[in-house]
Structures are given as C-alpha cells and as structure tokens.
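Examining the three-dimensional arrangement
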Amino acid sequence: MDIFSPSLVNSIKIAKERLDAHVREIVRWHFDPNNGTPFWIDFATKLAFDPRKEIGGFDDLKLLGHFEDEWLRGGPVRRWVPKALADQPIYIFETGGSTGIPKSRINIRDFQTDYEMFSQTLPRETFPHGADWLMVGPSGPRRLRLAVEHLCQHRGGICFFVDLDPRWVNKLIKRGEHQELALYKDHVIDQVLKILRAHDNIRCVFTTPKLLEALCDKIDLRKYGISGIFCGGTEMNAQFHRFAREELVPGIDFRPTYGNTLMGLAVCKPFDPADNYAITYYPPHPRAVFEIVNPDNLDEPVDYGQTGRVLLTTLTREFFMPRFPERDEGERAVPLPDFPYDGVSNLRLFSRFQQSVVVGVY
C-alpha cells in the first residue's frame, strides 16, 4: 500500500469501505428467505452458517467458495430471479454458446445501468449527443445489441444494426470453410456500407476488431463523418490498439472496451502514450470486482504487475456471482485516482485454455 500516494491510499480505503457496505446489502438481498433469489436461498440451506450474519464485507465472500460455470448452463432459469423482482419484465442473455449449452443470465435493468455509467466516460465532442449510431456485431441472444442501443438512446440517438452470428462463424472455422467465411464477412460489410451511405447522421460506431479492419479495407470512416468508435472483442490487444489508432482510424476517438454478459462493462484507462498501447480495464466498482489471482491458488492475489487469472465478482440486486474464475488472464493493474481499486492489463484468454476454447472469431 505504501507504493501509493497518501491521497490515493485514502481513496482506496474509501472505495473498500463502500464495497464492503455494498456486499452486505447484496448478500442480505439475495439470501432473504422471503424476497431473495431461489438459487441462493436453497444454497444457504446447505451451509452451516447464515450468510446474512457471517458475511460482513468483500473478503468474507470466500466463505461461499467459487461460483461454478455449470450453474448457469440450463434451467430452471427462474431460480435466478429474485422473488422481489419476479413481477418485472425479465430478459435472458446468453454467453458461452460456442462451447455447449449456453450460460444464461437473467437481466432486468442491469444492462441499462451499466451502459449509462459507461456513457459518462464518453466525451460529447467525439460521441455527440443526438448523433445516431451503428452497431456491427453479435446481437441475437446476447446482451450487446440491447445494451448498445440503450447507450445510443441514452445519448439521444437512434441505433442502426448489422448482425453477425459468431456461432456460425465458429462452425465455418472448425469445418475449414474459409471461402464461405470470407463470403459471410463480405455479406456483413456490404450491409454496413449500405447503411453508412444512406444515413448521414451516423457519427458513432460499435464493432469488433476484425470487422473494423474489414470495414476500413473498404472505406475511410472519417469521410463518412464517424468521430467515435467503441470497440471490443477477443482480438483487442496492444498490437491491435496501436494498429487502430495509427493506421485504421487515425483522428477518430477510438475506445477499447471489455464487457461480458456476467459482469457488465469495464472502462479502459484513458489513452496515455507512456503505456505503449497496453490496455488496462477497470470494472464498474462496486457492482463488479476484479481479483487477479494465482491460477493454482485462487485465494492468493498476485502482486501488482504480475500475471494471474481473473476472478470476477458481480454484485447487483439482479445478479449475485461471487468469485467466478473467468476464462481470462492478465496483469494486475494498480489503482488510480479515478479508479481506486484493482484493474487488469493486457487481458487475454487464460493460457491453459488455449487448446480448448476458440476465440478471436470476430
């Protein structure tokens, strides 16, 4: 802790206290026998303690063990809906569908809250209020489509869409059908070009690295009035970051992002040439927390700057997911004045999954 300035140490302390209070509130909410979440109420019956009494802060979440991937694969999905919210309209978002039965996460308004928080980080100059957006990427059962549309509407715009189905892309890759894959990519990009040529109020784009590169092979986005690009996906790394800023879209505000269905949306540290294009993400604290840990001992955090596996905790009234081992790894990033809690740099697929998980398809 003494590597930080006294003011940052104080900010870290305040953030930790805020997180502990938030954990107590969320645990009381989800484990409440009358209004809580059926999954967690049933989970508590198998414990030798009452989580509402024993969990006094974030560190105590270790008492619950680690959230398991398989719990979200299959039904009944309503066991994840808190009783107090059962009369609300429920959305289902899927993730992990390329590797078997998709994980399903219920959502009511979390995705809107996450993107409203993210909106506060976007400047009006390059992501103007009232401007229209174009979203090019996976929609279907994924959170992304509704979330980007809400972000656009929250900023007073109208969002256009071009869909890409990553599960189909994955099948084409596995079958070695590279010609079909190229035709599908051309099909997606052709639709994008038609929309951009027909609607001159589009100023902002969300897309993935590979689609952005394919689009920039066809046109100069600056000549179409694009001023801000919000870009995320498994291909986002320092190399692509440099390539995008220097060659693909120079002069356009390029914002790398990291989001997933289970967490929400992490914010990228503002661009600093001193970082050599490394990308560092900070979670929407205290709604989500990153821990970067020893992959052989998930209770042991690695030192700052060292590589570890990402342990994700999500803490909202809609969804409680304590200490889930993500499929990603990265370097533990130091707290900053604007983000007085841990982040992660150079996020990438956990090295031990390299042979079993296909990423980078879009």
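Details of the structure are given in the entry above.
To keep things clear, this report deals only with the structure shown in the data block. (Residues numbered from 1 in each chain as written. Predicted model: local features only at pLDDT ≥ 70, side-chain atom pairs only at ≥ 80, totals over all residues. Heavy atoms only, no water.)

Moving on to the sheet that holds strand β6 (residues 228–232). Spatial strand order, β4-β3-β5-β6-β7-β8-β9-β14-β13-β12-β10-β11: 12 strands in an open sheet with mixed pairing. Of all strands in the sheet, those with a lone pairing partner are β4 (159–163) and β11 (297–301), marking the two edges. Geometrically, the sheet is characterised by an average inter-axis angle of 40° between neighbouring strands, direction not taken into account. Sheet topology note: the strand β3 (residues 132–137)/strand β5 (residues 202–207) ladder contains four bridges and is parallel. From the neighbouring strand, D132 faces β5, where its bridge partner is I202. Those strands touched by helix α7 (residues 178–198) are β3, β4 and β5, and its axis lies near 165° from that of β4. (Pairing = 2+ DSSP bridges. Helix = DSSP H or I, 4+ residues; strand = E, 2+ residues; numbered from the N terminus. Axes fitted to C-alpha atoms, helices over the stretch in contact; angles between N-to-C directions. Contact = heavy atoms within 4.5 Å.)

What follows covers the packing of aromatic side chains. The final tally for this structure, using the stated rule, is 35 aromatic pairs. Their ring planes at 5° and their centres at 4.7 Å tell us that Y282 and F339 sit as a pair that is stacked. Here Y282 is found in strand β9 (residues 280–282), whereas its partner F339 is found in the loop between β13 (320–333) and β14 (343–349), with 57 residues between them in sequence. Just as Y282 is buried, F339 falls in that class too. (Phe/Tyr/Trp six-rings, centres within 6.5 Å; stacked < 30°, edge-to-face > 60°. Buried < 20%, exposed > 50% of the residue type's maximum accessible area, 1.4 Å probe, protein only.)

This next bit is on helix α8 (residues 209–216). A large share of α8 lies buried, amounting to six of its eight residues. Within α8 the residues assigned to the buried category are P209, L211, L212, A214, L215 and C216. Next to the buried residues of α8 lie β3, α7, β5, β6, α9 (238–248) and β7 (253–260).

Okay, the environment of I108 next. Within the element layout of this structure, I108 appears in the loop between β2 (103–107) and α4 (110–119). The sequence separation of I108 and P89 amounts to 19 residues, and the corresponding C-alpha distance is 6.4 Å. Filtering out sequence-adjacent residues up to four positions away, I108 remains in contact with L85, Q88, P89, I90, Y91 and E318.

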